[in-house]
Protein chains: 2
Amino acid sequence: MKYSPINIKNKLSKFDELWSPRVIAEMNDYQFKLAKGEGEFVWHSHDDTDEVFIVIDGTLEIEFRDGKVLLTNGEMFVIPKGVEHKPFAKGLCQVLLVEPQGVTNTGEAGGELTADNDIWV
Amino acid sequence: MKYSPINIKNKLSKFDELWSPRVIAEMNDYQFKLAKGEGEFVWHSHDDTDEVFIVIDGTLEIEFRDGKVLLTNGEMFVIPKGVEHKPFAKGLCQVLLVEPQGVTNTGEAGGELTADNDIWV
């Protein structure tokens, strides 16, 4: 059988849309997704699950109601379930997300930045 | 509240033991673990779960009974549950593993390379 690596930077080169996660792998009922962001995203939460951000390139600020965290290349953070957060990227930021299948990017907030789910790249 | 990034390379600098995964984060009932390997690991499988390898530094070969995959920096692979595999690293390789809590490094095989579980770094 032929086994192929999943190359993260190669996958990132295949789309340009901002705040629109693309699935690159599934593990059990979890998905690994790549996303690009620049500027402000919306305040939102995910009531049923934690969510992992791993920054691949650039800098991502995640604001909480009572603080914030700044992530650069090679840094990760686990957003606890139910905790409101607002991502912000001063320049283009590329991240790897890990979360269960079916999680929507804007969580409980919805709105115009809500992306289609389960798009693979 | 104070929120701190988890810096992957900083965490890797804090241990030297080979084939001995260290937990750096939990998301729901999953764990993110760092591991260092060099040389041959043992044939094993995990009957209840898929397992994700993301190579942070170096090169990792994963042999299967019917093929193999070679992973370098920034590449990932999902080992399907129940599939026998044998990791091999020609030089020092540093990887990020993602799998459920409680998974043992040697899976169903056991043996002298079985590491303690749930050690955080």
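Residues numbered from 1 in each chain as written. Chains lettered and ligands numbered in written order. Predicted model: local features only at pLDDT ≥ 70, side-chain atom pairs only at ≥ 80, totals over all residues. Heavy atoms only, no water.

Chain A has the name Cupin domain-containing protein in an unreviewed UniProt entry, where Shewanella electrodiphila is given as its organism.

**Describing the pairing of strand β4 (residues 51-57) of chain A**
All names here are of chain A. Basically, it comes down to this: For each residue, the accessible area found with a 1.4 Å probe, counting protein chains only, is set against the maximum for its type, and the residue is called buried under 20%, exposed over 50%, and partly exposed in between. The numbering of helices and of strands both runs from the N terminus, where a helix is a DSSP run of H or I of at least 4 residues and a strand a run of E of at least 2. Pairing between two strands requires that DSSP report at least two bridges joining them.
Most of β4 is tucked away, with 6 of its 7 residues classed as buried. Relative to strand β7 (residues 75-79), β4 runs antiparallel, the two sharing 4 bridges. If you follow Glu 51 over to β7, its bridge partner there is Ile 79. As paired elements, β4 and strand β8 (residues 85-100) share 5 bridges and run antiparallel to each other. Looking at the pairing, Val 55 lines up with Val 95 of β8.

**What to know about the side chain of Lys 11 of chain A**
Heads up, the condition is: His is not counted here, nor are the chain ends, while Lys and Arg score as positive and Asp and Glu score as negative. The term salt bridge refers to a pairing of a side-chain nitrogen on Lys or Arg with a carboxyl oxygen on Asp or Glu at a separation within 4 Å. Between two residues, a contact is recorded if the distance between any of their heavy atoms is within 4.5 Å.
Relative to the helices and strands, Lys 11 of chain A resides in helix α1 (residues 8-12). For Lys 11 of chain A, which is buried and forms no salt bridge, the nearest opposite charge comes from Glu 75 of chain B, at a distance of 11 Å. Apart from residues lying up to four places away in sequence, Lys 11 of chain A is in contact with Ile 6, Ile 24, Leu 34 and Val 121 of chain A.

**Focus on the nonpolar core**
What counts, and what does not: In these notes, a set of buried Ala, Val, Leu, Ile, Met, Phe, Trp, Tyr and Cys residues joined through side-chain atoms within 4.5 Å is what counts as a nonpolar core.
Ile 24, Phe 32 and Leu 96 of chain A together with Ile 24, Phe 32, Ile 54 and Leu 96 of chain B are the most contacted members of the largest nonpolar core, which totals 34 residues. Discounting residues that sit within four places of it in the chain, Phe 32 of chain B has contacts with Val 52, Ile 54, Met 76 and Val 98 of chain A together with Arg 22, Val 23, Ile 24, Ala 25, Met 27, Leu 96, Leu 97 and Val 98 of chain B.

**Points about the relation of the copies chain B and chain A**
Applied cut-off: Residues below a pLDDT of 70 in either copy are left out; the C-alpha atoms of the rest, at least 70 in both, set the least-squares superposition of the copies.
When chain B is brought onto chain A, the operation consists of a screw motion whose angular component is 180° and whose axial shift is 0.0 Å, with 0.0 Å RMSD remaining. The symmetry that links the two subunits is that of a two-fold axis. A share of 100% of interface residues in chain B that are also interface residues in chain A marks the association as one of identical surfaces.

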